[in-house]
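Read off the chains here:
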Amino acid sequence: MQFELIAQDPKSKARAGKITTAHGEIVTPIFMPVGTAGTVKAVHQRELENDIKAQIILGNTYHLYLRPGIELLKKAGGLHRFNGWQRPILTDSGGYQVYSLADNRQITEEGVAFKSHIDGSKHFFTPETVMDIERAIGADIIMAFDECTPYPCDYDYAKQSMEMTHRWLKRCIRRIEETEPLYGYEQTLFPIVQGSVYKDLRRASAEFVASCGCDGNAIGGLSVGEPAEMMYEMTELVCDILPKDKPRYLMGVGTPANILECIALGVDMFDCVMPTRNARNGMLFTTQGIINIRNKKWQEDFSPIDEQLGGYVSTFYSKAYLRHLIMNKEILGAQIASVHNLTFYLWLVTQARQHIIAGDFYEWKKQILPVVSQRL
C-alpha cells in the first residue's frame, strides 16, 4: 500500500491524499460504507460503485468468522470474490464487537473467550488467530486486534487495557510477518491507538503506534459515548503525533458534523453505521439538512428527496413516496434511504477534498456545517 499527500488546507490540518492498494485507488478524505457481514445493508454492489461512488467498504472479522465462516470464504477465494466487490476492502478485527458483548466474553492476556450472539457457541480470539482470519477474508487493509474500552472508564483500567493492546499489536505484527497473503496480493496492517479520554495515555499510545512503522494508523475507542468536544480533543492530540506521510483512520465516526470537524484535525478515513442504520429508521441526511421522513410534514411533499445531491434515488423518488414506503415498512424504503444517505456521505467527503485542494476548506466548512446539521 502507498499513500501520497496531495494537498493541505492552509487554515486547518485538513489534508487530501491518495491511497493505492491492490484493488485500486482511494482518494482521501474518504468515508467507507460499513458492510459488516459481507454486505452494505440493503445496497447492491452496483449501486455502491455507480450511484454512491464508494471507493472502499468494510467487512467485520467477528461477523464473517461466525457466518458464513472462514472455510467458505477460502473456498470462494476471499471476500472480494464472494461478494463481487472488486474495489478495496478493510476489515475491522472484531475488537469492538467483542467489547460490545460485555456479558458474554472474558478478556485475558492470551486473548478473548466469547459466546456467539447467534447460537451461544464458545470461541476464542487471539491476536494470532485474528490475523489468520483476516488473511483468509482477504481484505486490502486489516486492523490489529485491540480492546476497545467503554466510556466512562477509570484511568487504571484504561492504562492496563492500552498496554495489553500494545502487546497484542506486537503479536499481530509478528504473525503478519511470518505468514503470507492467501490470494496473491498484499495486505496492509493498521495498528489502533487506544487510551480512552486520558491525554497522557492517548499520547503514549500514539507514540507507540507511530514507532511500529506500519503503513497506516487508526484511532479507536472514540465515539463510544464521550462528549463530541472530548472526541475532537483526543483526535487532534493523536493526529499531531501520528506520521504525516501515512493515512489516519478514525474508527466508527460519525455524524456529518463529526466528519467535517475531524477532517479539519487531520483525519483521512472514516466509517460509521449511522448513514445506513438511520436510513432504515427514516432519518435522511441531505444537502439542506436532516429530515425525519416519518414526520407528517413530508406526507404531501412531492419534490425529490434531494435534487441538489443528484444521483438516481435522490432525484427520482419524492419525499412523499419515500415516507409512504418507510411508514409501511416496505423493504424498498430502506433501500432508497440507504443509497441516498451513503451518496450524501460520499458527496460530503468529496466536497471536502475539493475545497482542501482549492485551499478554502476552512471557510467552506464554516458555511456548510450549520446547513447539513440543521433539522428540517
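Above: the structure in question.
Owing to the predicted nature of the structure, the values given are computational and were not obtained by experimental measurement.

> Sorry if this is basic, but what is going on with the environment of Ile305 here?
Examined against the element boundaries, Ile305 turns out to sit in the loop between strand S17 (290–292) and helix H12 (312–316). Distance in space between the C-alpha atoms of Ile305 and Ile291 is 9.6 Å, their sequence separation being 14 residues. Discounting residues that sit within four places of it in the chain, Ile305 has contacts with Leu284, Thr286, Val313, Ser314, Tyr317, Ser318, Lys319, Leu322, Ile336 and His340.

> Can you help me understand the pairing of strand S5 (residues 57–60) in this one?
In the case of a regular strand, side chains alternate between the two sheet surfaces. Of the two faces of S5, both are covered, the one formed by Ile57 and Gly59 as well as the one formed by Leu58 and Asn60. As paired strands, S5 and strand S6 (residues 89–92) are joined by 4 bridges and run parallel to one another. The residue bridging Gly59 from the neighbouring strand is Thr91, located in S6.

> Looking at this model, I keep getting lost on the nonpolar core. Mind explaining?
The nonpolar side chains of a soluble globular protein tend to be buried, and buried together. Counting 113 residues, the largest nonpolar core has Phe31, Leu48, Leu90, Met143, Tyr249, Ile263 and Met269 as the members making the most contacts within it. Other than its neighbours up to four places away in sequence, Leu48 contacts Pro33, Val40, Val43, Lys53, Ala54, Ile57, Trp85 and Leu342.

> In this structure, what is going on with helix H7 (residues 155–178)? I would like to understand it.
Owing to its 3.6 residues per turn, the α-helix brings residues three or four apart onto one side. The end-to-end C-alpha separation of H7 is 35 Å, in line with the 34 Å expected for 24 residues at 1.5 Å each. For H7, the full list of buried residues reads Ala158, Ser161, Met162, Met164, Thr165, His166, Trp168, Leu169, Arg171, Cys172, Ile173 and Ile176. Near the N-terminus of H7, the side chain that reaches the backbone nitrogen of Asp156, with its oxygen 3.2 Å away, is that of Asp154.

> Is there a simple way to explain the pairing of S6 in this structure?
Going residue by residue along S6, you find Ile89 and Thr91 tucked away on one face and Leu90 and Asp92 tucked away on the opposite face as well. In this sheet, strand S10 (residues 141–143) lies alongside S6 in parallel orientation, the contact comprising 2 bridges. Paired with Leu90 across the bridge in S10 is Ile141.

> Help me understand the sheet that holds S5, please; the structure alone is not making it clear to me.
The strands that make up a sheet pair up through hydrogen bonds in the backbone, lying either parallel or antiparallel. Pairing within the open sheet is parallel, and its 4 strands lie in the order S5-S6-S10-S11. Each having just a single partner strand, S5 and strand S11 (188–190) make up the two edges of the open sheet. Between one strand axis and the next, the sheet turns through 25° on average, direction left out of account. Across the sheet, helix H6 (residues 127–137) is in contact with S6, S10 and S11; its angle to S10 comes to roughly 155°.

> I would appreciate a short explanation of the packing of aromatic side chains in the present structure.
Aromatic rings in a pair are described by how distant their centres are and how their planes are angled relative to each other. One pass over the full model with this rule turns up 17 aromatic pairs. Geometrically, the ring pair formed by Phe316 and Tyr317 is edge-to-face, given 5.0 Å between the ring centres and 85° between the ring planes. Overall, Phe316 belongs to the exposed group, its relative accessible area being 55%. With 5.8 Å between their ring centres and 20° between their planes, Tyr317 and Tyr321 make a pair best called stacked. When its relative accessible area of 14% is taken as the criterion, Tyr317 is described as buried. Classification of Tyr321 as partly exposed rests on a relative accessible area of 35%.

> What's the story with the sheet that holds strand S9 (residues 122–125) in this structure? I'm lost.
What the 3 strands build is an open sheet, ordered S7-S8-S9; its pairing is antiparallel. Across the chains shown, the open sheet's two edge strands, defined by having one partner strand only, are strand S7 (105–107) and S9. Between one strand axis and the next, the sheet turns through 15° on average, direction left out of account. Bridge count between strand S8 (residues 112–115) and S9: 4 bridges; the pairing is antiparallel. By the bridge assignment, Val112 is partnered in S9 with Phe125.

> Would you take a moment to explain the packing of helix H14 (residues 331–358) against helix H15 (residues 361–373) for this structure?
Angle between the axes and distance between the axes are the two parameters that describe a pair of packed helices. It is the contact of H14 with H15, at a shortest axis distance of 9 Å, that shows an interaxial angle of 155°. With respect to each other, H14 and H15 are oriented roughly antiparallel. Crossing hand, H14 versus H15: right-handed. Side by side, H14 and H15 meet where Phe344, Trp347, Leu348, Gln351, Ala352, His355 and Ile356 of the first sit next to Phe361, Trp364, Ile368 and Val372 of the second. Among the residues forming the contact of H14 with H15, the class breakdown is 9 nonpolar, 2 polar and no charged.

> Looking at this structure, how should I read unusual backbone geometry?
When glycine is set aside, most residues are seen to have a negative phi, and most peptide bonds are trans. With omega at 10°, the peptide bond leading from Arg67 into Pro68 counts as cis. Structurally, Pro68 can be placed in the loop between helix H2 (61–66) and helix H3 (70–76). At the junction of Val253 and Gly254, the peptide bond is cis and its omega measures out at -10° in the coordinates. As for its placement among the helices and strands, Gly254 is situated in the loop between strand S14 (248–250) and helix H10 (256–264). If you check the backbone angles, Lys53 has positive phi at about 65° while not being a glycine. Residue position: Lys53 is located in the loop between helix H1 (45–50) and S5. Of note, the phi angle at Ser223 is positive, near 60°, even though the residue is not glycine.

Cut-off values and rules
Residues numbered from 1 in each chain as written. Predicted model: local features only at pLDDT ≥ 70, side-chain atom pairs only at ≥ 80, totals over all residues. Heavy atoms only, no water. Helix = DSSP H or I, 4+ residues; strand = E, 2+ residues; numbered from the N terminus. Contact = heavy atoms within 4.5 Å. Buried < 20%, exposed > 50% of the residue type's maximum accessible area, 1.4 Å probe, protein only. Pairing = 2+ DSSP bridges. Core = buried A, V, L, I, M, F, W, Y, C linked by side-chain atoms within 4.5 Å. Expected span 1.5 Å × (residues − 1). Polar contact = N/O pair within 3.5 Å; in protein donor to acceptor, adjacent residues only side chain to side chain. Axes fitted to C-alpha atoms, helices over the stretch in contact; angles between N-to-C directions. Phe/Tyr/Trp six-rings, centres within 6.5 Å; stacked < 30°, edge-to-face > 60°. Parallel < 35°, antiparallel > 145°, perpendicular 65-115°, else oblique. Left-handed = near helix turned anticlockwise from the far one by under 90°. Nonpolar A, V, L, I, M, F, W, Y, C, P; charged D, E, K, R; others polar.

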